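Residue strings, one per chain:
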Amino acid sequence: MKKAIAFLYGIVAYLIFLGTFLYAIAFVGDFLVPKTINSGTEIDFWPALGVDVALMTLFALQHSVMARPGFKRWWTKFVPKPIERSTFVLLSSLALILLYWKWVPMKTVVWEVSSPVGIVILYVLFALGWLIVLLATFMINHFDLFGLKQVYEYLKNIESKPVEFKLTLFYRIVRHPIMLGFIIAFWATPVMTLGHLIFAVTTTLYILVAISYLEESDLVKMHGEKYREYQKKVPKILPFPRKNNKKREAHRTI
Ligand SMILES: C[S@@+](CC[C@H](N)C(=O)[O-])C[C@H]1O[C@@H](n2cnc3c(N)ncnc32)[C@H](O)[C@@H]1O
């Protein structure tokens, strides 16, 4: 019974995540849904900035603190291990739902692309960004990242093992394809409003800080030399060969 309830909890958390993820596309893209990044009532600049930054900070804190191995060790004394990831996913989704709900728009247009070709290119990039995010989750392990694997294994009495270090497809091009996808999706818009720009700048900075100082230091602790070698060979987020790699290649060919 306990296992069935945990499994059901995992499914509900996953479905809430899926809804939140799909809503994010429409929220950032400013289409289809009632509340988007550019809809709602405007207020003065400073209070609006305060509310929006507070909402993004809440998500960033929840996400960064709860994803650390030390925090996981501590809170799995209270939250059963098989539902730890689902609970993390659920709380992340709730923080995002709060952001969608309370987000204050700033509708001043900072730049606008009016050429039809430019608009199409930006929408293609927008779609590509979200697609990269989704596909990359499958290249690590989509069902582990969102807690379904853990509750299924608990239900079936299968010993749960952490995901191994992956070097699949996108992960051979950059070390953080999911984050690259988000950055592309957040910046690719034909109409950049002030609110959207603040969102794109803040989330990009957060992503760069979080992957450099939190996630990668955990990955080095987890995978040791293997990850350090990976850092030397594969760029962090921009899919361009490194200058020193080119130099090394040049040396080798001389
Ligand atoms: C939300 S995912 C983001 C992964 C990565 N930062 C990206 O942008 O694609 C975070 C989880 O992925 C795991 N992870 C990151 N790179 C990995 C890799 N190459 N193989 C396996 N797990 C990885 C981290 O340990 C963390 O639990």
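What you are looking at is a predicted structure, and each value in this text was computed from that prediction instead of being measured. (Residues numbered from 1 in each chain as written. Predicted model: local features only at pLDDT ≥ 70, side-chain atom pairs only at ≥ 80, totals over all residues. Heavy atoms only, no water.)

A count of helices and strands for the protein gives twelve helices and two strands. Across the protein, helices and strands are ordered from the amino to the carboxyl terminus as α-α-α-α-β-α-α-α-α-α-β-α-α-α. A globule of 254 residues ought to have a C-alpha radius of gyration of about 18 Å, and the protein, at 20 Å, matches this closely. In terms of overall dimensions, the protein has a C-alpha envelope of 65 × 55 × 30 Å along the principal axes. Restricting to contacts in the protein with at least 6 residues of sequence separation, those with at least 24 account for 76%. For the protein, the exposed area adds up to about 14600 Å²; of that, 71% sits on carbon and sulfur atoms. Of the charged side chains in the protein, 29 are positive and 16 negative, and the gap between their average positions amounts to 7 Å. (Helix = DSSP H or I, 4+ residues; strand = E, 2+ residues; numbered from the N terminus. Rg over C-alpha atoms; globule rule 2.2 N^0.38 Å. Contact = heavy atoms within 4.5 Å. Areas by Shrake-Rupley, 256 points an atom, 1.4 Å probe, with all protein chains shown as cover. Lys, Arg positive; Asp, Glu negative; His and termini not counted. Charge placed at Lys NZ, Arg CZ, Asp CG, Glu CD.)

In the numbering adopted here, UniProt assigns the feature "transmembrane region" (unreviewed entry) to residues 7-33, 45-65, 86-104, 116-140, 169-188 and 194-214. Regarding residues 45-65, the helix share stands at 100% and the strand share at 0%, and the terminal C-alpha atoms are separated by 29 Å. Taken end to end, residues 169-188 has its terminal C-alpha atoms 23 Å apart, with 75% of it in helix and 0% in strand. (UniProt positions renumbered as here; feature names shortened; annotations may be inferred.)

Take helix α11 (residues 225-233) next. Residues lying three or four places apart along an α-helix face the same way, a consequence of the helix completing one turn every 3.6 residues. Along α11, the residues classified as buried are Y227, Y230 and Q231. The buried residues of α11 occupy one face: seen down the axis, they fall within an arc of 100°. Of the exposed residues in α11, the ones pointing more than 90 degrees away from its buried face are K226 and K233. Turning to α11, the residues buried within the fold contact α8 (170-173) and α10 (194-223). (Buried < 20%, exposed > 50% of the residue type's maximum accessible area, 1.4 Å probe, protein only. Arc of directions from axis to C-beta.)

To characterise two packed helices, one gives the angle between the axes of the helices and the distance between these axes. At a closest axis distance of 9 Å, the pairing of helix α9 (residues 177-187) and α10 adopts a crossing angle of 165°. By the angle between their axes, α9 is roughly antiparallel relative to α10. Between α9 and α10 the crossing geometry is left-handed. In this structure, α9 uses M179, F182, I183, F186 and W187 to contact α10, whose residues at the interface are H196, L197, F199, A200, V201, T203, T204, I207 and I211. (Axes fitted to C-alpha atoms, helices over the stretch in contact; angles between N-to-C directions. Parallel < 35°, antiparallel > 145°, perpendicular 65-115°, else oblique. Left-handed = near helix turned anticlockwise from the far one by under 90°.)

Here we come to the packing of aromatic side chains. Taken as a whole and assessed by the stated rule, the structure comprises 24 aromatic pairs. Judged by centre distance (6.4 Å) and plane angle (55°), the rings of F7 and Y152 are tilted. Of this pair, F7 sits in helix α1 (residues 2-29) while Y152 sits in helix α7 (residues 148-155); the two residues are 145 residues apart in sequence, bridging distant segments of the chain. Take F7: its relative accessible area is 23%, and that puts it in the partly exposed class. Ring geometry for W130 versus F186: centroids 6.1 Å apart, planes at 65°, classification edge-to-face. (Phe/Tyr/Trp six-rings, centres within 6.5 Å; stacked < 30°, edge-to-face > 60°.)

The immediate surroundings of the ligand are formed by 13 residues, with K166, Y171, H176, M179 and E215 found nearest. Between I178 and the ligand, the recorded distance is 3.0 Å, taken from a backbone N or O atom to an oxygen atom. At a separation of 3.0 Å, an oxygen atom of the ligand approaches a polar backbone atom of M179. Here the ligand loses 85% of its free accessible area of 570 Å² to cover by the protein chains. (Near = heavy atom within 4 Å. Polar contact = N/O pair within 3.5 Å; in protein donor to acceptor, adjacent residues only side chain to side chain.)

In low-pLDDT segments, the atomic positions of the prediction should not be examined closely. On average, residues of the protein score 93 in pLDDT, and 95% of them are at 70 or above. Within the model, the stretch residues 248-254 combines pLDDT values under 50 with one contact to residues more than four positions away or in other chains. (pLDDT = per-residue confidence, 0-100.)

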